[in-house]
Amino acid sequence: MSEPFQASTATEMPLITIEAGKSERHYWNDIWRYRELFYFLAWRDILVRYKQTTIGIIWAVLRPLMTMAVFTLVFGKVAKLPSDGVPYALLVFTGLLPWHFFASAFTEAANSLIENEKMITKVYFPRLIIPTSAVIASVLELIISGGLLFALMMVYGTTPDWRIVALPFFAGLAFAAAVGAGVWVAALNVRYRDFRYVVPFMVQAGLYISPVGFSSHLFPDEWRLLFYLNPITGVIDGFRWALLSGKPELYESGLLVSGAVTVMLVVIGVFHFRKTEKTFADVI
Amino acid sequence: MIHFENVSKKYVIDHRPRQKYLSLRDVVAESGRRLVQAFRAGVPQSQSKPEDFWALRDINLEVKLGDRLGIVGRNGAGKSTLLKTLSRITEPSTGRIRIWGRVASLLEVGTGFHPELTGRENIYLNGAIQGMVRAEIEKKFDEIVAFAEVERFLDTPVKRYSSGMYVRLAFAVAAHLDPEILVIDEVLAVGDIQFQKKCLAKMENVAAEGRTIILVSHNMATILSLANRCVLLAAGRIVTDGKPMEVVSEYQNTYQDESFGQTDLTKVERYGTGDARFVSVHLCARGRGGTRLPFPETGSDLEFEITLEAREQINSATVALIVYDELGNRLIDANTLLKGQSVSLLAKERRTVRFLLKNVRLKRDLYTVGLWLGMLNMADIDGIRYATTFKMEAVREDILYAAPFPGVYACEFSCQVLEEV
């Protein structure tokens, strides 16, 4: 059809075309354009989380510390499980660190869309920003409990060796797993509201199949690889290896499986999210 | 500049009894039921099938730079859907919209505001949600604060703000986006007249700078004072497109039952025990002989229909309707007590009270209406300071003199220049 507008005014301003099924073109551009929103939403989550509780940020310290005490008591002292030659408390804490991060990041991301329903029905921006930014508040907690771990290691008189440089890689793996799974479940949550009740169950079940309170060597050898389908198993192994001077040896094929599952989660999660994203405002 | 080409939006409506949300449980149960039915009956039973609902149908619309387009229509006519497709919140099912320039939409007051965060924090957050970058927000920050008049409360959580302050802040952020296109949905219904005027002035400024405004409102006064073009939607289609005055009168003639004054009161700020509450107020202007007027004008009758609903039983209460001017002066206090009447309601009962203000000779201006239900000097059951707003238009002879004469009341008068005695 003929161009009804004068070129002089039309060229000065950016043109946006909205067409059924054609939003793809600007999507990744828009994510870049809205990058500050990502930052602001994360900042909001952090502010709000700690404004609402009276003891604020102390929670981030208290929670893993208490869990560690219980796990150390139950698995180390009562069940007397082997500790791979490191203090049991450290074994537990190095497992708790990534687990707690994953659990809270995943939960936050999974519920993020429903909690921001108003924003979704009233303003446009790339929706992927919501669940991904929800993960950031948990990163802060991870850093805080990381500091706690170093304090604990000093108490036990251990220092990490060169392997610690690999730590960011494993943290990144946990981050990717949380984002992948979180984004996926967040999209499902919009359509099927009872996912809201499934999420805590998934997290609880996840804790039982992850080697948080014990060493991954305790998995029976013939089944061991199967446990690494849970990406956090690989991450926990990695954290222990990087922080505890390689004491629990790295199980390479397991790590590979966990890594592959993580990549798959991210791909499927983002794909499913993108596919259903257009309908969010209509069904939420 | 905006160009809608054959834009339609379809929703699928499910007529089966259902909750608001789909749940996994229902999906599983439903598939199970179908399976059983298929076995049992052999043929699938004819249930009420999901039905297509066209919220928008073949919309073709061209909005030029600097246009101030008002959109009117009844509830469900597609006004909000139109704004939502334009703001990219939801995607059209068919057709294409081309937009030149940045769109800022204010579809709801304070979207993304977080009650726990302070005014300052919310300005940044809200700005970012609307697509501003931090440098932009910082540049505009003082202007936004000054416009919203919240300097003293910048570091107070917005949950402690009055609804007026809340609206002011929200509007201020959106108005300072400097978008090429500003999309507004019925947000000015809240707040005092001075602020409403300020917003209107700001929008007029925005329009004067050559930006485009698209406005949805049930309040014809707002449409008339702001728009220079108006579109009437019905059942998802554009029925009329033309001058605001013409379109507004057509709208009001077509939909007699739903006039410019219908205001939902279930979500406004109020005080009182709440044993009974105002549900809605409906305003209509009548001229001589009771003919319906498109808008209130000096000397017309104003008919208010106020609907109340009781939660608890109430006995012999008074209903009052108060008209305020811009400064908050009470100009009119019409109440049932003065006419020796009262309202009694059983629990859950709903009733309508009608006030007819005769020959209202207020001058051309904006006025607000407050409502009160209670026992005089004893109890406030429900009180609403800003229930609705209306705009008086001047009658023809007043317009003859372009300069308005100050004053609120245009009393009928005659004058004689007497001979010297």
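Residues numbered from 1 in each chain as written. Chains lettered and ligands numbered in written order. Predicted model: local features only at pLDDT ≥ 70, side-chain atom pairs only at ≥ 80, totals over all residues. Heavy atoms only, no water.

(A) Just the overall build of chain B, in detail. Summing up its helical and strand segments, chain B has nine helices and 19 strands in all. The proportion of buried residues among the 421 residues of chain B is 52%. Here the contacts in chain B between residues at least 6 apart in sequence split such that 72% fall between residues at least 24 apart. (Helix = DSSP H or I, 4+ residues; strand = E, 2+ residues; numbered from the N terminus. Buried < 20%, exposed > 50% of the residue type's maximum accessible area, 1.4 Å probe, protein only. Contact = heavy atoms within 4.5 Å.)

(B) Geometry of helix α2 (residues 79-86) of chain B. Residues and elements named next belong to chain B. The buried fraction of α2 amounts to seven of the eight residues, a majority that puts the element mostly inside the structure. Listed as buried for α2 are Lys 79, Thr 81, Leu 82, Leu 83, Lys 84, Thr 85 and Leu 86. Once α2 ends, the next one or two residues include Arg 88, with phi positive near 65°.

(C) Here's a closer look at the packing of aromatic side chains. According to the stated counting rule, one finds 21 aromatic pairs over all chains in the structure shown. With 6.5 Å between their ring centres and 45° between their planes, A:Tyr34 and A:Phe125 make a pair best called tilted. Of this pair, A:Tyr34 sits in the loop between α2 (24-33) and α3 (35-52) while A:Phe125 is found in the loop between α6 (117-122) and α7 (129-134), placing the two residues 91 residues apart along the sequence. Just as A:Tyr34 is buried, A:Phe125 falls in that class too. Ring geometry for A:Phe40 and B:Tyr124: centres 6.1 Å apart, planes at 25°, overall stacked. Note that A:Phe40 is positioned in helix α3 and B:Tyr124 in helix α3 (residues 119-129), a pairing that runs across two chains. Residue classification places A:Phe40 among the buried positions, given a relative accessible area of 3%. An aromatic cluster is present here, built from A:Tyr39, A:Phe40, A:Trp43, B:Tyr124 and B:Phe141 joined pairwise through their rings. One Lys or Arg, A:Arg35, reaches over the ring of A:Trp32 and ends 4.2 Å from the middle of that ring. Here the basic side chain of A:Arg127 rests over the ring of A:Phe125, its NZ or CZ set 5.0 Å away from the ring centre. (Phe/Tyr/Trp six-rings, centres within 6.5 Å; stacked < 30°, edge-to-face > 60°. Lys NZ or Arg CZ within 6 Å of the ring centre and 35° of its normal.)

(D) Structural detail: the environment of B:Leu302. All names here are of chain B. With respect to the helices, strands and loops of the structure, Leu 302 is situated in strand β13 (residues 300-310). Given a relative accessible area of 0%, Leu 302 falls into the buried group. The spatial distance from the C-alpha of Leu 302 to the C-alpha of Leu 357 is 5.1 Å, given a sequence separation of 55 residues. In this structure, Leu 302 is in contact with Leu 283, Cys 284, Ala 285, Pro 296, Phe 355, Leu 356, Leu 357, Val 360 and Phe 390, ignoring residues within four places of it in sequence.

(E) Just the sheet that holds strand β6 (residues 181-185) of chain B, in detail. Residue and element names in this part refer to chain B. If you trace the six strands from one edge of the open sheet to the other, you get β5-β6-β7-β3-β8-β9, paired in mixed fashion. On the outer flanks of this sheet lie β5 (103-106) and β9 (237-242), each paired with one strand and no other. The mean inter-strand angle of the sheet, taken between neighbouring strand axes irrespective of direction, is 15°. Where strand β3 (residues 68-72) lies against strand β8 (residues 229-234), four bridges are found, and the strand directions are parallel. In the sheet register, Ile 71 faces β8, and the bridge partner there is Val 231. Its contacts with the sheet place α2 against β3, β5, β6, β7 (212-216) and β8, and it is angled at close to 150° to β6. (Pairing = 2+ DSSP bridges. Axes fitted to C-alpha atoms, helices over the stretch in contact; angles between N-to-C directions.)

(F) Spatial organisation of the nonpolar core. Counting residues in each nonpolar core, the largest one holds 155 residues, and the members touching the most others are B:Ile2, B:Phe4, B:Ile123 and B:Phe171. With 17 residues, helix α5 (residues 88-115) of chain A is the single largest residue contributor to this core. The contact partners of B:Ile2, leaving out residues within four places of it in the chain, are B:Leu61, B:Glu62, B:Val63, B:Leu86, B:Ile97, B:Arg98, B:Ile99, B:Ile181 and B:Ile214. (Core = buried A, V, L, I, M, F, W, Y, C linked by side-chain atoms within 4.5 Å.)

(G) The confidence of the model for chain B, seen in detail. Residue and element names in this part refer to chain B. Averaged over all residues, the pLDDT of chain B equals 82, while 87% of them reach at least 70. Across residues 43-47, where pLDDT falls below 50, the model places four contacts with residues more than four positions away in sequence or in other chains. Model confidence for the complex is summarised by a pTM of 0.73, with the ipTM given as 0.80. (pLDDT = per-residue confidence, 0-100.)

(H) Expanded view of the sheet that holds strand β1 (residues 15-19) of chain A. Judged by pairing direction, the sheet is antiparallel, and its four strands sit side by side in the order β1(A)-β4(B)-β1(B)-β2(B) without closing on themselves. The sheet terminates laterally at β1 of chain A together with β2 (51-63) of chain B, the two strands that pair on one side only. Across this sheet, the average inter-strand angle for adjacent strands is 20°, counted without regard to direction. Where strand β1 (residues 2-13) of chain B meets strand β4 (residues 94-100) of chain B, five bridges bridge the pair, whose relative direction is antiparallel. Across the sheet, residue B:Ile2 finds its bridge partner in β4(B), namely B:Ile99. Sitting on the sheet, α2(B) touches β1 of chain A together with β1, β2 and β4 of chain B, and the angle it makes with β1(B) is about 115°.

(I) Broad picture of the pairing of β3(B). Residues and elements named next belong to chain B. Burial of β3 is extensive: four of the five residues sit out of reach of the surface. In the sheet, β3 pairs with β7 via four bridges, with the strands oriented parallel. Paired with Arg 68 across the strands is Ile 213, a residue of β7.

(J) Geometry of the interface of chain B and chain A. Facing 51 residues of chain B, the contacting portion of chain A comprises 52 residues. At the boundary of chain B with chain A, total buried surface from both sides reaches about 4,700 Å², with 64% on carbon and sulfur atoms. Considering only the surface of chain B that becomes buried against chain A, B:Arg88, B:Glu91 and B:Trp100 emerge as the three largest contributors, covering 16% of it. For A:Asp30, the salt bridge identified is with B:Arg88, shortest N-O distance 3.0 Å. (Buried area = accessible area lost by both parts, 1.4 Å probe. Salt bridge = Lys/Arg side-chain N within 4 Å of Asp/Glu carboxyl O.)

(K) Region of the structure containing α3(B). All names here are of chain B. In terms of residue burial, α3 counts as a mostly covered element, since ten of its eleven residues are buried. The set of residues buried in α3 consists of Gly 119, Glu 121, Asn 122, Ile 123, Tyr 124, Leu 125, Asn 126, Gly 127, Ala 128 and Ile 129. Trailing α3 by a residue or two, Gly 131 shows a phi angle of about 95°, which is positive.

(L) Local environment of a nonpolar patch on the surface. Taken together, A:Ile58, A:Trp59, A:Leu62 and A:Met66 make up a surface patch of nonpolar side chains, about 350 Å² in accessible area. Mapped onto the fold, A:Ile58 is located in helix α4 (residues 58-78). (Patch = residues over 30% accessible without salt bridge, like charges linked within 9 Å, V, L, I, M, F, W, Y side chains within 5 Å. Areas by Shrake-Rupley, 256 points an atom, 1.4 Å probe, with all protein chains shown as cover.)

(M) Spatial organisation of the environment of B:Trp100. Relative to the helices and strands, B:Trp100 resides in strand β4. Considered as a pair, B:Trp100 and B:Ile2 are 98 residues apart in the sequence and their alpha carbons are 6.4 Å apart.

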